[in-house]
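These are the residues of each chain, in order.
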Amino acid sequence: MIMNNIDETNSTPPLGVGGKNIKNESNFKSPLGVGGSFLFKGLIRDKSRSLLPIIVVTVGVMMTVFLEAYMSGIFSDSIESTARFSSGHVKVMTTAYRENLSQMPNDYAMLEVDNTLEMLRTDFPDMIWTDRIQFGGLLDAPDSLGNTRSQGNVLGMGIHLLNSSDEIQRMDLQTKLIEGDFPQKQGEALITKELARKMKLVVGDQVTLMSASMYGEMAMYNFRISGLLHFGTEALDRGMIVADINDVRFALNMENAAGEILGFFSDSPYDNSRAEALAANFNSKNTDTQDKFSLTMAPMSGVGGMDFMIAYSENAQFLVIFIFIIAMSVVLWNTGLVGGLRRYGEFGLRLAIGESKHEIYRSLIIEALFTGLVGSFIGTAVGLFFSWLMQKYGIDVSGMMQNTQMMLPTVFRSQISTTTYWIGIIPGVLSTVIGAMLAGVGIYKRQTASLFKELEN
Amino acid sequence: MNSIKNLISLPFRGQGVLFLLLFSFTMSAQNYPSGKSILDKVDRNMSSKTRIMTSKMEIQGGRSVRTLESKSWIEGEQKAYTEYLSPAREKGTKMLKLENQLWIFSPSTDRVMQISGHMLRQSVMGSDMSYEDMMSDSPLLERYKAEVTSEEMIEDRRCWVVTLTAIKENVNYHSQKIWVDQERFVPLKMDLFAKSGKLLKRTTLGNVQKMQGRWFPMEMTYKDMLKEGKGTKMTVVSIQFDGAIPAGVFNKSNLK
Amino acid sequence: MNNIGKTNSYSPLGAGGNNIKKTNIDSPSGLGGKGGLFLFKTAFKSLIGNGLKTWLNVSVLSVSFVLIILLQGVLKGWSEQAVEDTVRWEIADGQYWQEGYDPYDPFSLDSSAVAIPARLQGDVNSQNLEPVLISQASIYPGGRMMGVLLRGIRPDQKLLKIPTELLVVNDNESEIPVILGAYMARQTGLKLNDVLTLRWRDKNGTFEAADIRVAGIFKTSVPSVDNGSLWLPLDKLQSMTLRENAAHLLIKSPEIEAKQVTGWSFKSVEDLTASTMLLVKTKSMGTSLLYVIFLLLAMLAIFDTQTLSIFRRQREIGTLVAMGMTPRQVMWHFTLEGTFNALLSFVVGAVWGTPLLWYLSNKGISFNMDASEIGVAMGDTMYASVTPGLVFGTMLFIIVITAVVSYLPARKIAKMNPTEAIRGKAI
């Protein structure tokens, strides 16, 4: 009943103390129990006044949700791109390989990779594991007689390219492929556009890779160039070849071997404490400091340079969202406050009619709670929608970046996490309710008469 | 990486260095014989107009030792042709050296690749070995003066220590020391030094056998002294001196 | 909770007829002359009269205001520091590069090591140009070969911050002194005074090896002077490689002007720091959406308050119009009132933001890390760089959009029927 009153009241301004309102005000029979539906009806019917708080809460919550996702997106972007490209969230390799990581020491590669992968997949089912080989070598382009025409130094990467697009997506190679196609069959590889230009190669040309096998012998292997890549990083662009890992295994005599196995959390972006715990657990079982071929797992933070990036982004992200939620709470609190204050006149009237201050106060809070919940719900939904758009499409600023020489994320994307789903409720519900509670205190402070007088304003 | 060098260079280097000792000239020391005279005697053992040789090479990898078998045809010091026989992966890989040019053929790629230009000068994929190292140098005694500097025992063999010091600038090693068996005139050890006197590489030779009227070391170990590891061991399986080699062997078309 | 009463007492309605009379009704904008001042005063008073609501809005706006300056400032400070560090550690006032020199191609080093051109020799002698010679070499930490770049520089150079004075050779010392960056030291496991073997080739290709001693380890934020490099005395490297008086680079001091020299090209500081600037540009694009969201938040608050207050004060508006103000004037009054939020937020922002910005500008935010491996010059302390231009620019921007947001709900006023408004039924 009480709620019914309030809602009906809201449908017209308190200033217009018209007969219609009075009629509704006089409807005392509605008990609290059915208040919800009336309240809801009220919220829907209300054109000019309840709608505004809901819109404000909705917009505010939407912004909170969007900001949270966006911040996660931009902060994790640089970390995730490094993880995806080279370090993984965790990386498994031999102890000796890890010690000489910068030299891509395939003579310390892991053997029996399928067993190791199976073990990892069994022991850590919530991770995605993928094996890769990094190598160095010389690329040799033939003339029409098959003699050497040009040569260039290359960094190489063997990843799963055939029969699976997981790695292509993970490394975002789709956007880096600027000419040709991904390898469709064995013996095809991608090289960088810059290298192709230097060596005067085009898509479809045959090249020979000269490298060292895992045992140290000279290794030679032919590739047909299926496509050209551009990374935007001079160090990579000047000489990089990407091929299917099985081709590379064959080329480097690394059957069932791999330099590294990268692990990714299947359900979340990089989580440092989780990665560290995982690595500690793995290493206590597998690492033998005496055996340089024993396996070791390195969390991303244990791989050069990333420790800082991770700590920095965790803190900065928290700080920005914290500030924003405080600010958002203040705004919504204000909304709740304003919503309460403007109705002092109405409260006066209701007190005069015989409602208790208590009932009025409670109705105010419940209404605020309703506003907050509805606003939070809609706001979260809309915010998630925009975040999803932003996650899927992102804002591409690459057009604004001329002559990019670095591998920078030029598409800003959001990232939706579990936090994104609930974060909006903090400012949305709590602040609105607190605002209404504070505003409602005035009901107790004032005399019915003075509240009633507000009606005239 | 190291072993790439070994793979390519050993058949030549083992050959080349010894061969070049032929052109020595006398730099006599007081009580010792002249360097040239020692090296001349070494040459009588070690050099021949041609040689056809089958050898095995043990390459020390990170985890295991692998053995490569190859057959080489060598004429003088400008021409060498090597074909790998085993393991299966290497079978059919051929290399041809003609003067300052080096070609490699790999059957799996069906390609003949030349290692040339500034690539020759550079290290092979970051290793300490340059392609240049595989190439024939000009005669040793054109670049070094040879001097017998002392006598030393290696195992139970008494050796002359011949010290070679560069007299030209464009040499890979500023000085070398060769331990020559005083009785058999076979080198048992060779050290390569930097100008600072630091030992860079060491080759030890052993299992000296008398064959076809000459003493010849059938085993040789090559080691980069700055690196960890046991080095690479080469064993001569069979060798034929001054056999006839058809002219077509040293032809690029013979690679494919 | 008293504020409602206060609002009204400061409102133009309560200010008495005196003021109204003074208003120049002919002035269409209502902003000129005394009328403008009147609007200004009453709008301000009316805003302050709103009490808590106003201060809440103002505090949110001040957060946005300070945050924008802060983030911009940190970013700007970071980029300035990155450039400054690069200048101090690596490039001074620009570099002459030998034509064939390519920092990414170690194979270019052999052919591009040439004698310092005669035209520049004078500046080299007067230390206005510091030559750097680069050469490939190998070291063997842990028995495994590792390629390094030797960089020869004069120990008495003054242009760069690299502690080259540690390279002064003792006559009785047999080892060659080298210094290296902290990151390189970590990569190689080298410590101060470690002695190890270095192997290189001279210009003829002859292998040479000697012992080197780690004479110093320096911490720098500039990766290119750290990663993979060993610094040693220039004359030593020249004699080691038999490249008398040769160099790849000549680092220029600000004292002299760049010249045209055949075979050498001059790279200015701008050329050499272009990639850092690009990084900053990308970063600032990434954060600009953040400003937008924060500002939106503040604008939401102001819009909300404006709409409600216009709604609440219809009678006041109606009365004002009835007393002779044009609806436009009233509209400006409300717009102005909203815009004052911005001004108040500057005051509030200044109160709490100034100490914060001062701290960040002078003490900086400290990170315990070594960022050189990220590949960008980045110190372990980040300082904010706040300029008057940044502050005033941000203020102007905020005023403009606050005005727009205040104006939007106020537009309704112009369309109001005064009679309806007095009755509170205009909206």
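Residues numbered from 1 in each chain as written. Chains lettered and ligands numbered in written order. Predicted model: local features only at pLDDT ≥ 70, side-chain atom pairs only at ≥ 80, totals over all residues. Heavy atoms only, no water.

Notes on the overall build of chain B
Broken down by element type, chain B carries five helices and 13 strands. The proportion of buried residues among the 256 residues of chain B is 58%. Considering only intrachain contacts with a sequence separation of at least 6, the fraction spanning at least 24 residues in chain B is 47%. When the accessible surface of chain B is split by element, carbon and sulfur atoms take 47% of a total near 10200 Å². (Helix = DSSP H or I, 4+ residues; strand = E, 2+ residues; numbered from the N terminus. Buried < 20%, exposed > 50% of the residue type's maximum accessible area, 1.4 Å probe, protein only. Contact = heavy atoms within 4.5 Å. Areas by Shrake-Rupley, 256 points an atom, 1.4 Å probe, with all protein chains shown as cover.)

Focus on the overall build of chain C
For chain C, the helix and strand inventory stands at 14 helices and 13 strands. Residue burial in chain C is summarised as follows: out of 427 residues, 57% are buried. Sequence separation of at least 24 residues holds for 78% of the intrachain contacts in chain C that already meet a minimum separation of 6. With the model as given, the accessible surface of chain C reaches about 17300 Å², and the carbon-plus-sulfur share is 58%.

Here we look at the interface of chain B and chain A
On the chain A side, the residues contacting the 27 residues of chain B number 36 residues. Summing both sides of the interface, chain B and chain A together bury roughly 2500 Å²; the carbon and sulfur share of this comes to 56%. At the surface where chain B touches chain A, the tally comes to one salt bridge. Where the side of chain B that touches chain A is concerned, the elements lending two or more residues are helix H1 (2–20), strand E5 (101–106) and strand E6 (111–115) of chain B. Of the residues forming the side of chain B that touches chain A, the biggest block, five residues, is contributed by E6(B). Taken together, the residues of the side of chain B that touches chain A sort by class into 12 nonpolar, eight polar and seven charged. (Buried area = accessible area lost by both parts, 1.4 Å probe. Salt bridge = Lys/Arg side-chain N within 4 Å of Asp/Glu carboxyl O. Nonpolar A, V, L, I, M, F, W, Y, C, P; charged D, E, K, R; others polar.)

Details of the packing of aromatic side chains
This structure, assessed with the given rule, holds 18 aromatic pairs over all chains. A cation sits over an aromatic face here: B:Arg184 above B:Trp215, 4.2 Å from the ring centre. One residue, B:Lys201, lies across the ring of C:Phe207, its end atom 5.0 Å from the ring centre. (Phe/Tyr/Trp six-rings, centres within 6.5 Å; stacked < 30°, edge-to-face > 60°. Lys NZ or Arg CZ within 6 Å of the ring centre and 35° of its normal.)

Overview of helix H10 (residues 274–312) of chain C
Residue pairs three or four apart in sequence face the same way in an α-helix, which turns once every 3.6 residues. Residues and elements named next belong to chain C. For H10, spanning 39 residues, the distance from its first C-alpha to its last is 56 Å, which sits close to the expected 57 Å at 1.5 Å a residue. Most pronounced at Gly286, the bend in H10 amounts to some 25°. With 28 of 39 residues buried, H10 is to be regarded as a mostly interior element. (Expected span 1.5 Å × (residues − 1). Bend = angle between axes of the 7 residues up to and from the residue.)

Brief notes about unusual backbone geometry
The omega torsion of the bond from B:Ser86 to B:Pro87 falls at 0°, within 30 degrees of zero and hence cis. As for its position among the elements, B:Pro87 is in the loop between strand E3 (79–86) and strand E4 (94–98). In this structure, B:Asp110 is a non-glycine residue whose phi angle is positive, near 55°. Not every positive phi belongs to a glycine, and C:Gln127 is a case in point at roughly 65°. Within the secondary structure, C:Gln127 sits in the loop between helix H6 (118–125) and strand E3 (129–139). Relative accessible area serves as the criterion here: at 24%, C:Gln127 is assigned to the partly exposed category.

Things to note about the pairing of strand E5 (residues 176–181) of chain C
All names here are of chain C. The element E5 is largely enclosed, with a buried count of six among its six residues. Here E5 shows a buried face lined by Ile176, Val178 and Leu180 and a second buried face lined by Pro177, Ile179 and Gly181. Across six bridges, the pairing between E5 and strand E7 (residues 207–218) is parallel. Each bridged residue has a counterpart across the sheet, and for Pro177 the counterpart in E7 is Arg213. (Pairing = 2+ DSSP bridges.)

Overview of the nonpolar core
Grouped together as the largest cluster of nonpolar side chains are 65 residues, with contacts concentrated most on A:Leu67, A:Phe324, C:Phe294 and C:Leu297. Of all elements in the fold, only helix H4 (51–87), helix H13 (306–341) and helix H15 (357–392) of chain A together with helix H4 (52–91), H10, helix H12 (327–362) and helix H13 (388–415) of chain C reach the threshold of two or more residues within this core. Judged by nonpolar contacts, the second largest core, of 53 residues, contains A:Val113, A:Trp129, A:Val207 and A:Ala219. (Core = buried A, V, L, I, M, F, W, Y, C linked by side-chain atoms within 4.5 Å.)

Remarks on the confidence of the model for chain B
All names here are of chain B. The share of residues in chain B with pLDDT of 70 or more is 77%, and the mean pLDDT across the chain is 76. Contacts from residues 1–29, a stretch scored under 50 in pLDDT, to residues over four places away or in other chains number 110 contacts. A low-confidence stretch, residues 123–129 (pLDDT under 50), is modelled with 35 contacts involving residues beyond four sequence positions or located in other chains. (pLDDT = per-residue confidence, 0-100.)

Some points on the pattern of salt bridges
Here the structure, examined in full by the defined rule, presents 24 salt bridges over all chains. A:Glu167 serves as the salt-bridge partner of A:Arg170, at 2.5 Å between the closest nitrogen and oxygen. With A:Arg170 and A:Glu167 both in helix H7 (residues 166–170), this residue pair falls three residues apart, about one helical turn. C:Asp102 is paired through a salt bridge with A:Arg238; the nearest N and O atoms lie 3.2 Å apart. Of this pair, C:Asp102 sits in the loop between strand E1 (95–98) and helix H5 (108–112) while A:Arg238 sits in the loop between helix H10 (234–237) and strand E8 (240–244), which puts the two residues in different chains. A residue is classified by how much of its surface remains accessible, and A:Arg238, at 18% relative accessible area, is buried.

Digging into the side chain of A:Ser226
Here A:Ser226 is to be found in strand E7 (residues 218–229). Those residues within four positions of A:Ser226 in sequence are excluded, and the remaining contacts are A:Glu179, A:Gly180, A:Asp181, A:Phe182, A:Pro183, A:Glu188, A:Ala189, A:Leu190 and A:Val203.

Some details on the confidence of the model for chain C
All names here are of chain C. For chain C, the average pLDDT comes to 78, and 85% of its residues sit at 70 or higher. Mean pLDDT values over the elements of chain C span from 37, in helix H1 (residues 3–10), up to 94, in strand E8 (residues 229–233). Contacts of residues 1–34 to residues separated by more than four positions or lying in other chains number 59 contacts, the stretch itself having pLDDT below 50. Across residues 369–377, confidence stays below pLDDT 50; counting only partners more than four residues off in sequence or on other chains, it has 34 contacts. Among the scores for the predicted complex, ipTM is 0.72 and pTM is 0.71.

Observations concerning the packing of H4(C) against H10(C)
All names here are of chain C. Packing of H4 against H10 leaves a shortest axis separation of 9 Å and a crossing angle of 175°. As the angle between them shows, H4 and H10 are arranged roughly antiparallel. Classifying every residue of the contact of H4 with H10 by side-chain character gives 22 nonpolar, eight polar and one charged. (Axes fitted to C-alpha atoms, helices over the stretch in contact; angles between N-to-C directions. Parallel < 35°, antiparallel > 145°, perpendicular 65-115°, else oblique.)

Here we look at the packing of H4(C) against H12(C)
Residues and elements named next belong to chain C. In contact at an axis separation of 7 Å, H4 and H12 are set at 45° when each is read in the N-to-C sense. In terms of orientation, H4 lies oblique with respect to H12. Considering the relative orientation of H4 and H12, their crossing is right-handed. Where H4 abuts H12, its residues Thr54, Trp55, Asn57, Val58, Leu61, Ser62, Val63, Phe65, Val66, Ile69 and Leu70 lie against Asn341, Ala342, Leu344, Ser345, Phe346, Val348, Gly349, Trp352, Gly353, Leu356, Leu357 and Leu360. Of the residues assigned to the contact of H4 with H12, the class counts are 16 nonpolar, seven polar and no charged. (Left-handed = near helix turned anticlockwise from the far one by under 90°.)

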